[in-house]
Every structure is written in C-alpha cells, then in structure tokens.
Amino acid sequence: MEQPDAGGDRRGDMLWTQGVPITVVSDDFVKSLKILGVPGWQTFHLDVSDLSGQDVPGYCGLIPDATGTSNLVSGWWPSSAPTYVLLATDDLCLSLKHMGLLFDHEPVTDRRRVEALTARL
C-alpha cells in the first residue's frame, strides 16, 4: 500500500488508505489497545511505502470487532464488510488521544453513541 506524505512533523496513527476498505494503524495504536484491554480485534502484516517507494515502517492492518460488543468496532458493523472507519466509545477515543495518538475523529451529538475514527490526512 502506498501512503502519500501529507506534510506535518509525523504520520498519524491511522493512515488514509485512499478509499481502500482496510484499516491501517500504527504499532503505537496497537500497543495502546493492548494497554487499555480493548477486546475483539486482530492485526495482519501489511507493507506500507511512500510514493517514492520507501518503506514506511511501524504500521499494520487492523481487523476490528464486527459483533458490536467491543468499545472499538468496524464502521460497517453488523456487516463484516471491510472498511477504513472505526467506531469507538467516547472513553476509548479520549484515552487514545490522552496517550498521544494522532488521528482525526468526528464526535456525534448524542454522547451515548460512538465516535468515528478516521485516518488523519
């Protein structure tokens, strides 16, 4: 997967996949999920390179929960279709931000619902 350089001083902890329906996250994102005890997800190996063909280390694919029982689920649940959008509880989103992770999120108006996490451009 090629990842364009969008500027800034570092890449985000979720990468924009240019519409490819997969979730790409940093090793730090995965480590944070483990620390927080978030259940129901898996990772897979993924080679990421920039537009010049240089490897971009420190990222993997993420398969989020598709059952709706975790505080981090696929944006397409209850369908098991792959997507680049994750849904997270407010507590998880705020915890990840507090841990220093860099990603964009879109709060919903009903705070009992979840926030959508999307790749930071």
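Above this text you will find the structure in question.
A quick note: this is a predicted structure, and the numbers were derived from the prediction, not measured.

Turning next to the sheet that holds strand 4 (residues 59-63). Strand order in this open sheet of 4 strands is 1-2-4-3, and the pairing throughout is antiparallel. Here the strands that pair on one side only, and so sit at the sheet edges, are strand 1 (14-15) and strand 3 (42-44). Here strand 1 pairs with strand 2 (residues 23-26) via 2 bridges, running antiparallel. Bridged to Met14 within strand 2 is Val25. The sheet strands contacting helix 1 (residues 27-36) are strand 1, strand 2, strand 3 and strand 4, and the helix crosses strand 2 at an angle near 85°.

Turning our attention to the environment of Asp65. Note on placement: Asp65 falls in the loop between strand 4 and strand 5 (72-74). Sequence separation of Asp65 and Trp41 is 24 residues, and the distance between their C-alpha atoms is 5.2 Å. Residues within four places of Asp65 in sequence aside, it is in contact with Gly40, Trp41, Ser70, Leu72, Val73 and Ser74.

What counts, and at which threshold
Residues numbered from 1 in each chain as written. Predicted model: local features only at pLDDT ≥ 70, side-chain atom pairs only at ≥ 80, totals over all residues. Heavy atoms only, no water. Pairing = 2+ DSSP bridges. Helix = DSSP H or I, 4+ residues; strand = E, 2+ residues; numbered from the N terminus. Contact = heavy atoms within 4.5 Å. Axes fitted to C-alpha atoms, helices over the stretch in contact; angles between N-to-C directions.

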